[in-house]
Amino acid sequence: SNKNWWHFYEKNKQRLRKSITVSITKLLSCKHKVRGYYQYECFNPNCLHQKHVIFTCKSKACSSCGKKLTAQWLKKQYQILPNIPYQHITLTMPSELWDFFWCNRSLLNEIAKKAAKCIQKIAAKKNVTPGLFIAIHTFGRNMKRNVHIHLSTTTAGITKDGTQLKNLYFNQNTIMKMWRYEVIQLFRKASLTRDFTIPVKLKNDFNHSFSFNNFLDKLYKINWIVHCAQQDENYKRIINYLGSYMKRPPIAESKLRHYDGNNISFTYFDHKSKTFLKFKLTVEEFIARFITHIPDIGFRMIRYYGFLSNRLRGTLLPLVHKLLGSYYQKDTVSPSFAEIMFKDFGVNPLECVLCGEPLRLTATHFGKTSVPELLAVHRQLALLKNI
């Protein structure tokens, strides 16, 4: 309401990344008939009930689609991943480094590799390959910039000859030192490239007596926060935990508390006080904070390494399942929207609300789904105009 996005867009469109405009346009079109829809009718010949199921947007900014994509991701992981103990590890970095990722977005591509490298180095000492999946996070609970990694690794690795699984142990302090070294080296190397950019608010801090390398040296001397959770024998619990970080936008709709057309308030859990705090932003501040976490087009927030990587999965994952005596399901089936609705809300959306008979698909109406088609009606969607 209040056409706030369009006012923000008109004011800032020269500075917005294309991925932001595309994601928000998709979000505005979600469950709008402009996208097209399935038409269902009741099997009962005496019932005239019809139902339209409008196509969703699958935008990375959409909390509704994020929930559906998460459910599909979870089911896929249940089918693929071996039932083996996992350990969840959170790797953070000093806040002084966060802004660099917005000026040098290519660095976001590298930090997942650096996190995986720490685990793989430890595993290499035992000559084994573990399985890892990683979520790259750019935000904290109040949507402020906070670049960190959520990593889950198997606590066993497969030997090079594929005949054994050997246990692994990960020490928090050891990983912290390795992670700190890898990230600092990443920044040292990046600073030598021509297009490396220093955030405006930090530029004045550097001079002939305090260089960027001095800045990195200072950060290298402090302890970084790395948390290793206890090993978990229940692999589904680990998958569920990491799944909550995977597909969702920076804030869930359930956290929003009040909107008066000019301001938005929401709640978030504060780790320091261990309480829920209320936070208030103007609409423009909220939009600016929200969209900064929309990833670039094609950027993968989820990465797989070790025997879960695309390169090794086909050969090593079946061997891991064989050693565990479990079945490897190569082809996976995603849950339908009806299955998700029934699981989450106990409602069968393909059942007639009038007579209880099943609904049948009678027509498919195709709408605008490609990026160019949607961008062509961006203004109408934002201003709630008829299309």
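The shown structure was predicted, so the numbers you read here are calculated from the model rather than taken from an experiment.

### Concerning the state of the cysteines
Alright, step 1. All chains considered together, the criterion is met by 0 disulfides.
Alright, step 2. C47 takes part in no disulfide bond, and the closest cysteine sulfur, belonging to C352, lies 3.7 Å away.
Alright, step 3. C47 gets classed as buried once you look at its relative accessible area, which sits at 13%.
Alright, step 4. Looking at the unpaired C228, the closest cysteine sulfur is the one in C118, lying at 11 Å.
Alright, step 5. Using a relative accessible area of 11% as the deciding quantity, one classes C228 as buried.

### Some thoughts on the packing of helix α5 (residues 107-124) against helix α6 (residues 172-190)
Alright, step 1. Taken N-terminus to C-terminus, the directions of α5 and α6 make an angle of 145 degrees; their axes are 9 Å apart at the nearest point. Here α5 runs over α6; the crossing is right-handed. Two secondary-structure elements touch here, α5 through L107, E110, I111, K114, A115, K117, C118, I119, K121 and I122 and α6 through I175, M178, W179, E182, L186, F187 and A190.
Alright, step 2. A breakdown of the residues in the contact of α5 with α6 according to their chemical character gives 12 nonpolar, no polar and 5 charged.

### Notes on the pattern of salt bridges
Alright, step 1. Under the criterion given, the structure shown has 12 salt bridges.
Alright, step 2. The shortest N-O distance in the salt bridge between K11 and E284 comes to 3.0 Å. Of this pair, K11 sits in helix α1 (residues 4-12) while E284 sits in helix α10 (residues 283-291), and the two are 273 residues apart along the sequence.
Alright, step 3. Here K11 falls in the exposed class, since its relative accessible area comes to 56%.
Alright, step 4. As a salt-bridge pair, D99 and K201 come within 2.9 Å of each other at their nearest N and O atoms. Placement of D99 in the loop between β3 (86-91) and α4 (100-103) and of K201 in helix α7 (residues 200-203) is noted, with a sequence separation of 102 residues between them.

### Thoughts on the environment of N386
Alright, step 1. Note that N386 resides in the segment after α14 (378-382).
Alright, step 2. Distance from N386 to R194, taken between C-alpha atoms, is 48 Å for residues 192 residues apart in sequence.

### Description of empty space enclosed by the protein
Alright, step 1. Scanning the model with the defined rule gives 2 cavities of 30 Å³ or more in all.
Alright, step 2. As a volume, the largest cavity reaches approximately 70 Å³.
Alright, step 3. Together, W102, R105, L108, T138, T292, H293, I294, P295, D296, F299 and M301 line the largest cavity.
Alright, step 4. Here the residues of the lining of the largest cavity are counted per class, giving 6 nonpolar, 3 polar and 2 charged.
Alright, step 5. Of the volumes computed, that of the second largest cavity is approximately 30 Å³.
Alright, step 6. Looking at the second largest cavity, the residues that line it are T56, K58, C65, K68, L69 and Q72.
Alright, step 7. Residues belonging to the lining of the second largest cavity are distributed by class as follows: 2 nonpolar, 2 polar and 2 charged.

### Observations regarding helix α3 (residues 63-80)
Alright, step 1. Taking 1.5 Å per residue, 18 residues should reach 26 Å; α3 reaches 25 Å between its end C-alpha atoms and fits that length.
Alright, step 2. Taken residue by residue, α3 has S63, C65, G66, T70, Q72, W73, L74, Q77, Q79 and I80 as its buried positions.

### Looking at the layout of surface pockets
Alright, step 1. Volume-wise, the largest pocket comes out at about 1,200 Å³.
Alright, step 2. Lining the largest pocket are 38 residues, with G140, R141, N146, H148 and H271 positioned closest to its centre.
Alright, step 3. Elements with a minimum of two residues in the lining of the largest pocket: β3, β5 (131-139), β6 (145-154), α9 (235-246) and β11 (263-270).
Alright, step 4. For the lining of the largest pocket, a count of residues per class yields 16 nonpolar, 15 polar and 7 charged.

Parameters at a glance
- By convention here, each chain's residues receive numbers from 1 onward along its written sequence.
- Two thresholds apply to this predicted model, a pLDDT of at least 70 for residue-level local features and 80 or more for giving and counting side-chain atom pairs, whereas whole-chain, interface and lining totals are computed over all residues.
- By convention in this description, side-chain values take in all heavy atoms of the structure and omit both hydrogens and water.
- Two cysteine sulfurs form a disulfide in these notes if their separation is within 2.5 Å.
- Note on exposure labels: buried denotes an accessible area under 20% of the residue type's maximum, exposed denotes more than 50%, and partly exposed covers the range between, all computed with a 1.4 Å probe on protein chains only.
- Between N-to-C directions, angles cover 0 to 180 degrees, with each direction set by a line fitted to C-alpha atoms, over the stretch in contact for helices.
- Strands are runs of DSSP state E lasting at least 2 residues, helices are runs of H or I lasting at least 4, and numbering of each runs from the N terminus.
- The hand of a helix crossing depends on one turn: near helix anticlockwise from the far one by less than a right angle means left-handed, and clockwise means right-handed.
- Any two residues having at least one pair of non-hydrogen atoms within 4.5 Å are treated as being in contact.
- Gly counts as polar in this scheme, as do all residues outside two lists: the nonpolar Ala, Val, Leu, Ile, Met, Phe, Trp, Tyr, Cys and Pro, and the charged Asp, Glu, Lys and Arg.
- When a carboxyl oxygen of Asp or Glu lies within 4 Å of a side-chain nitrogen of Lys or Arg, that pair is called a salt bridge.
- Each cavity reported here is a set of points on a 1 Å grid over the protein atoms alone in which a 1.4 Å probe fits but cannot get out, each pocket an open set with protein on both sides within 12 Å along at least five of seven lines, and each lining residue one with an atom within 4 Å of a point.
- Grid points are joined across faces, edges and corners, and a volume is the space filled by probe spheres set on the points.
- Here, expected helix span is obtained from the residue count minus one, scaled by 1.5 Å.

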